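Below, each chain spelled out in residue letters.
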Amino acid sequence: MSDLSTAPAETSPHVDAGDEGYSKDLKSRHINMIAIGGAIGTGLFLGAGGRMAGAGPSLAIAYAVCGVFAFFVVRALGELVLYRPSSGAFVSYAREFMGEKGAYSAGWLYFLNWSTTAVADITAAATYAHFWSMFSSVPQWVCALVALAVVLTANLISVKYFGEMEFWFSIIKVAALVAFMCVGIYLVVTQHSVDGHTPGFSTIGDNGGLFPSGVMPMLLVIQGVVFAYASVELCGVAAGETEHPEKIMPKAINSIMWRVGIFYVGSVVLLALLLPYTSYSDGQSPFVTVLDKLGVPGAAGVMNLVVLTAALSSLNSGLYSTGRILRSMSLAGSAPRFTGRMNKGQVPYGGILLTAGFGVLGVVLNYVVPGEAFEIVLNFASIGILGTWGMIMLCSLLFWRRAQDGRVTRPGYRLPWAPYTQIVTLVFLACVVFLMWWGGGVGRTTVYCLPLIAAMLVGGWFLVRGRVREVASAGRGLGE
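Just so it is clear, the model here is predicted, and its values are computed rather than measured.

Draft legend 1. Broad picture of the overall build of the protein chain. When you go through the protein chain residue by residue, the secondary structure sums to 19 helices and 0 strands. The globule rule puts the C-alpha radius of gyration for 480 residues at 23 Å, and the 22 Å found for the protein chain is close to it. With 480 residues in all, the protein chain has 58% of them scored as buried. Residue pairs in contact within the protein chain that sit at least 24 positions apart in sequence constitute 81% of those at least 6 positions apart. Treating the 29 positive side-chain charges of the protein chain as one cloud and the 25 negative ones as another, the clouds have centres 6 Å apart.

Here it is, written out as structure tokens:
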């Protein structure tokens, strides 16, 4: 029988050099809000409008299904964290269970996700800043660099500054959603007219029902919805810089499920009850749409601030997590040497600066690359997050197998229904890739680029494998 205590296994056969040197300054409130913030982003505040217009009220089902699998991923990561907390997170676990090739692949797929997401976040922040007249005359590249400089500075000083910034970013996002949901529930209960429509289930029934355009639009929108949950794995990375993760992590991870249910599914259900799905559009936040129809003054300005916050929060998270992941890889030889360096604040500044550099490059590219090509860059981020989630579930599956063989001890906090949960989640992720291809357009182009990404990973491995072996033989890194 496995040990059912909530503490991690007392001994671990694996020690990762990348875990040394960090401070433990993240508190319980930081981890809890990082867990919330990772599950709430621009995918909900901005992207839900276009998805609602395409799929109708069935969008709530898509959010619920994807939310369940996002929870499985973070719960699997949580079990690994309780087994052995590591700032290298899934890269460190891939190194232990899959060898250096697995760690190398997991790390660079994650970097692919966040380096391309940084391009989007910086550009989005600059675009949202132009909403206010005081910034309209400021060139976009200046706004983008200011946003990057502020977030980068907070990340470079110490992990405490990152934690505080993410804490308040999350507070703003949650407060905005709670306020909207309170207004929405009041409108439904009182049957207050919204743009000539009486809120309630009749709004859904009179406009084509749950699937106004059939089931297929709901299936196709899943490929976009799953990426709204990107960065839920961030709390697993942050666990390496907090004291007593065995007490903090289970509470933070378990809370993700009900928060997803309330904030994502609940808000989408409210949107469907308040207005016909045809009232929403791709170019406007669905929350702004409702508040505008109500004639609420300043609604667009307030929601623009929230969306700006979500973009900065995403950039903040990306710089933080890639810095830790790249350091773990660097000390094992599979990332550039400078990404392994720490400053006096115990921050891996090399990896953070590398990601920030891609962000600056993205601002420049945004001037010369047409809109659709820029979307292709963003779709590469989706490939990166699918690869990351897949690696987490593979590590979880291999960990379960070793536990069955008696080589490791599973902590009391476990992914339920293993190994079936891991297998079903991997099948789901494969289906998402198929849906990207099936939907055509930019998604199909991205899928066609998968052989190119694979070729780059293989080529990169041949470049770094000599140093990986050198580090391993010197005893400074681990892996095979």
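Draft legend 2. Focus on helix α17 (residues 420-438). Helix length check: α17 (19 residues) gives 26 Å between terminal C-alpha atoms against 27 Å at 1.5 Å per residue, within 8%. Looking one or two residues beyond α17, the residue adopting positive phi is G440, at roughly 70°.

Draft legend 3. Spatial organisation of the packing of helix α7 (residues 140-157) against helix α8 (residues 159-190). Two elements in contact, α7 and α8, have axes separated by 5 Å at closest approach and are oriented at 135°. In terms of axis orientation, α7 runs oblique to α8. Contacts between α7 and α8 involve V150, V151, A154, N155 and I157 from the former and Y161, F162 and M165 from the latter. For the contact of α7 with α8, the class distribution of residues is 7 nonpolar, 1 polar and no charged.

Draft legend 4. Up close: unusual backbone geometry. Cis geometry marks the peptide bond from A418 to P419; its omega dihedral reads 5°. Positionally, P419 belongs in the loop between α16 (371-404) and α17. Positioned with a positive phi, Q191 is a non-glycine residue whose angle comes to about 60°. As for its position among the elements, Q191 is in the loop between α8 and α9 (201-205).

Draft legend 5. Structural view of the nonpolar core. If you look at the biggest cluster of nonpolar residues, it comprises 151 residues, and the most contacted ones within it are I40, L44, F45, Y63, F90, Y229 and W389. Of all the elements, helix α5 (residues 89-129) adds the most residues to this core, at 22 residues. Sequence-distant contacts of Y63, defined by excluding residues within four places in its chain, comprise G43, L44, A48, R51, V225, A228, Y229, Y264, V265 and V268.

Draft legend 6. Looking closely at the environment of Y229. By the element assignment, Y229 lies in the loop between α10 (216-228) and α11 (234-238). The class of Y229 is buried, set by a relative accessible area of 0%. Through-space distance from the C-alpha of Y229 to that of G67 is 7.3 Å; in sequence the pair is 162 residues apart. A polar atom in the side chain of Y229 sits 2.7 Å from the backbone oxygen of Y63.

Draft legend 7. Representation of the packing of aromatic side chains within the structure. Going through the model one piece at a time under the given rule, you end up with 22 aromatic pairs. A centroid spacing of 5.2 Å and a plane angle of 85° characterise the contact between F111 and F358, whose relative ring orientation is edge-to-face. Taken together, the residues span a long stretch of sequence, with F111 in helix α5 and F358 in helix α15 (residues 349-368) at a distance of 247 residues. Looking at F358, the relative accessible area reads 35%, which means it is partly exposed. Taken together, the ring pairs in this structure connect F69, F72, W417 and F428 into an aromatic cluster.

Draft legend 8. Geometry of a nonpolar patch on the surface. Nonpolar side chains collect at one region of the surface, where I61, V65, L210, F211, V215, M216, L219, F434 and W438 lie side by side and expose about 730 Å² of accessible area between them. Those elements giving two or more residues to the nonpolar patch turn out to be α4 (59-83), α10 and α17. Topologically, I61 is positioned in helix α4. Residue I61 is classed as partly exposed on the basis of its relative accessible area, which comes to 30%.

Draft legend 9. Fine view of the confidence of the model for the protein chain. Confidence along the protein chain averages 87 in pLDDT terms, with 91% of residues attaining 70 or more. Predicted confidence in the protein chain is weakest over helix α1 (residues 28-39), with a mean pLDDT of 79, and strongest over α17, with 96. Below pLDDT 50 for its whole length, residues 1-12 participates in 25 contacts with residues either more than four positions away or in separate chains.

Draft legend 10. Examining helix α13 (residues 286-294) more closely. Buried within α13 we find P286, F287, V288, T289, V290 and L291. Packing partners of the buried residues in α13 comprise α2 (42-45), α3 (48-55), α8, α12 (245-274) and α14 (299-330). Immediately downstream of α13, the backbone of G295 shows phi near 80°, a positive value.

Reading the values: rules and limits
- Residues numbered from 1 in each chain as written.
- Predicted model: local features only at pLDDT ≥ 70, side-chain atom pairs only at ≥ 80, totals over all residues.
- Heavy atoms only, no water.
- Helix = DSSP H or I, 4+ residues; strand = E, 2+ residues; numbered from the N terminus.
- Rg over C-alpha atoms; globule rule 2.2 N^0.38 Å.
- Buried < 20%, exposed > 50% of the residue type's maximum accessible area, 1.4 Å probe, protein only.
- Contact = heavy atoms within 4.5 Å.
- Lys, Arg positive; Asp, Glu negative; His and termini not counted.
- Charge placed at Lys NZ, Arg CZ, Asp CG, Glu CD.
- Expected span 1.5 Å × (residues − 1).
- Axes fitted to C-alpha atoms, helices over the stretch in contact; angles between N-to-C directions.
- Parallel < 35°, antiparallel > 145°, perpendicular 65-115°, else oblique.
- Nonpolar A, V, L, I, M, F, W, Y, C, P; charged D, E, K, R; others polar.
- Core = buried A, V, L, I, M, F, W, Y, C linked by side-chain atoms within 4.5 Å.
- Polar contact = N/O pair within 3.5 Å; in protein donor to acceptor, adjacent residues only side chain to side chain.
- Phe/Tyr/Trp six-rings, centres within 6.5 Å; stacked < 30°, edge-to-face > 60°.
- Patch = residues over 30% accessible without salt bridge, like charges linked within 9 Å, V, L, I, M, F, W, Y side chains within 5 Å.
- Areas by Shrake-Rupley, 256 points an atom, 1.4 Å probe, with all protein chains shown as cover.
- Salt bridge = Lys/Arg side-chain N within 4 Å of Asp/Glu carboxyl O.
- pLDDT = per-residue confidence, 0-100.

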